Amino acid sequence: MDIINNIIGLGASVMMPIIFFIIALCFSVRVGTAFKAGMLVGIGFVGVGLVINLLLSNLGPASQSMVEKMGLNLTVVDTGWPTASTIGWGSPIMVPVVLGFIAINLVMVLFKLTKTINIDIFNYWIFLLVGSVVYAGTESYWLSIGITYVIFIATLVAADITAPYLQRNYNLQGISFPHLTCIMYVPFGIVTNYIIEKIPGLNKINLEPETINKKFGVFGEPLTLGFILGLVLALMAGYSISESVALAVTVSAAMLLLPKMIEILVQGLLIVRDAVEAKLKKKFPNRDFYIGMNTALLIGEPSVLATGLLLIPMAIVLAFVLPGNKVLPFVDLASLMFLLAMVTPFCKRNMFRMFICGTLVLTSIYYVGTDISKEYTQAAVNSNIPVPEGISEMTNIVGGATTPAGWAAVKIGELIAK
């Protein structure tokens, strides 16, 4: 357990270059080129991390200020994905689950049950969180591990199915995204798009970034859109003019810089992907393989970032008006764009359709979070995370436990354990 924690503790910017360097060497890439590939991936992760942290650290206080201004008094508090990841990695089931994931992935690849080789080890916490909440609800060690394995297998299969759409939309060939939190909302995007296509008038609304840019010129560019959205959010939070402009510039900077940081990361990915593809094609000429990666690669898409920002006030309004909801959105409000990362191609990059989809996703999350809050809070206690003073129960918005799959896992586990 200590070894695994030490590896994870290196962080993506250190661990990913090492992983890609080793993979490149295994597939006969020259040492110098392998080093360059690994460093580009690492530098890209540093850049992406800096921009995302800049965005979240500035949006977080604004979001929390909006919550306070609304006067929401709900009993299940969103303590955010950082706390959720700590619950997952600190869970009693962590070691057998992580080792099992690696073995399962290898077996599935060898027996042609998946094309995805998942190296996104950091996001194992998403699956671990689900298993932790199942364990809290069932008190059955091996049942919770087994259910977590099933979800992992299903996610690998779903990653294969969604990969071609994401590759075309984001121009990321040979990459898939076995990310439970994001992949669970692809059906929401498909259904939303299908229904809107059938409604006259609504099906004519086209808010693709390119369409907005074409109609409004510089005022439709991502940097201007980011400035406007940041300014509106700041004013809704009650910021002063100077504070509002500062937040607007920060959001605008993130809209412009994030895609550029991702470009650097992708340069390293392409070196390794091409080497892996060439080598595997020789040994397995009739097979395709995907490298499973973090959905942080996807949120640089302007439609994802912009719609994620628009969802922040909607999330607060929904928490207030949904009957029976007990979830108070808080820490994860700044991370809502991740919920839309894999929805984009299925909504045709149309921000109107993505916003409707995001609203439905948030509604689902609130009701799931309300229903499993006791189990979630117990999972935190099991991972030695104290419940903050003044909070009765915990949850998080951007995580595997509050997805439909997470809810089903908990309920099925509790039914079996009876």
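What counts and how
Residues numbered from 1 in each chain as written. Predicted model: local features only at pLDDT ≥ 70, side-chain atom pairs only at ≥ 80, totals over all residues. Heavy atoms only, no water. Helix = DSSP H or I, 4+ residues; strand = E, 2+ residues; numbered from the N terminus. Rg over C-alpha atoms; globule rule 2.2 N^0.38 Å. Buried < 20%, exposed > 50% of the residue type's maximum accessible area, 1.4 Å probe, protein only. Contact = heavy atoms within 4.5 Å. Areas by Shrake-Rupley, 256 points an atom, 1.4 Å probe, with all protein chains shown as cover. Lys, Arg positive; Asp, Glu negative; His and termini not counted. Charge placed at Lys NZ, Arg CZ, Asp CG, Glu CD. Salt bridge = Lys/Arg side-chain N within 4 Å of Asp/Glu carboxyl O. Core = buried A, V, L, I, M, F, W, Y, C linked by side-chain atoms within 4.5 Å. Polar contact = N/O pair within 3.5 Å; in protein donor to acceptor, adjacent residues only side chain to side chain. Pairing = 2+ DSSP bridges. Axes fitted to C-alpha atoms, helices over the stretch in contact; angles between N-to-C directions. Phe/Tyr/Trp six-rings, centres within 6.5 Å; stacked < 30°, edge-to-face > 60°. Lys NZ or Arg CZ within 6 Å of the ring centre and 35° of its normal.

Trainee: Explain the overall build of the protein chain residue by residue, including any values.
Mentor: Scanning the protein chain from N- to C-terminus turns up 16 helices and 6 strands. Radius of gyration (C-alpha) of the protein chain: 21 Å, near the 22 Å computed for a compact globule of 418 residues. Projecting the C-alpha coordinates of the protein chain onto the three principal axes gives extents of approximately 60 × 60 × 45 Å. Taken over 418 residues, the protein chain has a buried fraction of 56%. A sequence separation of at least 24 residues applies to 84% of the contacts in the protein chain between residues at least 6 apart. Summed over its atoms, the accessible surface of the protein chain is roughly 17,700 Å², and 68% of this surface lies on carbon and sulfur atoms. In the protein chain, which carries 24 positive and 22 negative side-chain charges, the distance between the mean positions of the two groups comes to 13 Å.

Trainee: Give me the lowdown on the pattern of salt bridges, citing residues and values where you can.
Mentor: Using the criterion set out here, one finds 5 salt bridges in the structure. A salt bridge links Arg349 to Glu301, with the nearest nitrogen and oxygen atoms 2.8 Å apart. Here Arg349, found in the loop between β5 (327–328) and α14 (351–371), pairs with Glu301, found in the loop between β4 (290–292) and α13 (302–321); they are 48 residues apart in sequence, far enough to count as distant. Under the relative-accessibility criterion, Glu301 is labelled buried at 10%. The salt bridge partner of Glu414 is Lys411, with a shortest N-O separation of 3.9 Å. Taken as a pair, Glu414 and Lys411 lie in helix α16 (residues 404–417) at a separation of 3 residues, close to a single helical turn. Beyond isolated ion pairs, a larger network of salt bridges with shared partners links Glu197, Lys348 and Arg353.

Trainee: I'd like to hear about the environment of Pro388, residue by residue, with values.
Mentor: Within the fold, Pro388 resides in the loop between α15 (373–382) and β6 (393–395). Residues Pro388 and Val266, spaced 122 residues apart in sequence, show a C-alpha to C-alpha distance of 40 Å.

Trainee: Pulling in residues and values, what's your account of the nonpolar core?
Mentor: Most often, soluble globular proteins keep nonpolar side chains buried together rather than apart. Counting 97 residues, the largest nonpolar core has Met16, Leu59, Phe177, Met293, Leu336 and Leu339 as its most contacted members. Here Met293 is in contact with Met16, Phe20, Phe45, Ile119, Asp120, Ile175, Ser176, Phe177, Pro178 and Leu269, once residues within four sequence places are set aside. Residues Ile87, Met94, Val134 and Ala136 belong to the second largest nonpolar core, which totals 39 residues.

Trainee: Mind laying out the side chain of Thr116, listing which residues take part and the relevant values?
Mentor: Note on placement: Thr116 falls in strand β2 (residues 116–118). Residue classification places Thr116 among the buried positions, given a relative accessible area of 0%. Within the structure, the side chain of Thr116 is placed 2.9 Å from the side chain of Ser176, a separation counted as a polar contact. Among residues more than four places away in sequence, those in contact with Thr116 are Asn105, Val109, Leu156, Ala159, Asp160, Ser176, Pro178, Tyr290 and Gly292.

Trainee: Quick one: what's the story with the sheet that holds strand β1 (residues 76–78), residue by residue and with numbers?
Mentor: Read across the open sheet, the 3 strands follow the order β5-β1-β6; overall the sheet is parallel. Looking at the sheet topology across the chains shown, the edges are occupied by β5 and β6. Pairing geometry for β1 and β5, over 2 bridges, is parallel. Among the inter-strand pairings, Val76 is bridged to a residue of β5, identified as Val327. Strands in contact with α15 are β1 and β6; relative to β6, the strand with the most contacts, it is inclined by about 90°.

Trainee: Account for unusual backbone geometry, naming residues and giving values.
Mentor: One non-glycine residue with positive phi stands out, namely Glu139, at about 60°. In this fold, Glu139 is placed in the loop between α6 (124–138) and α7 (141–170). In this structure, Asn171 takes a positive phi of about 55° despite not being glycine. Checked against the element boundaries, Asn171 lands in the loop between α7 and β3 (175–176).

Trainee: So what about the packing of aromatic side chains? Which residues, and what values?
Mentor: Tallying each qualifying case throughout the model produces 12 aromatic pairs. Centroid distance Trp81 to Trp125: 6.3 Å. Interplanar angle 25°. Geometry classified as stacked. You can see Trp81 sitting in helix α4 (residues 80–89) and its partner Trp125 sitting in helix α6, a full 44 residues away along the chain. Here Trp81 falls in the partly exposed class, since its relative accessible area comes to 34%. Overall, Trp125 belongs to the buried group, its relative accessible area being 7%. Pairing Tyr135 with Tyr141 gives two aromatic rings, centres 6.0 Å apart and planes at 85°, and the pair type is edge-to-face. An aromatic cluster is built from Phe101, Tyr124, Phe127, Tyr149 and Phe152, whose rings are joined through pairwise contacts. Positioned above the aromatic ring of Phe284 is the side chain of Arg287, whose terminal nitrogen or guanidinium carbon lies 5.9 Å from the ring centre.

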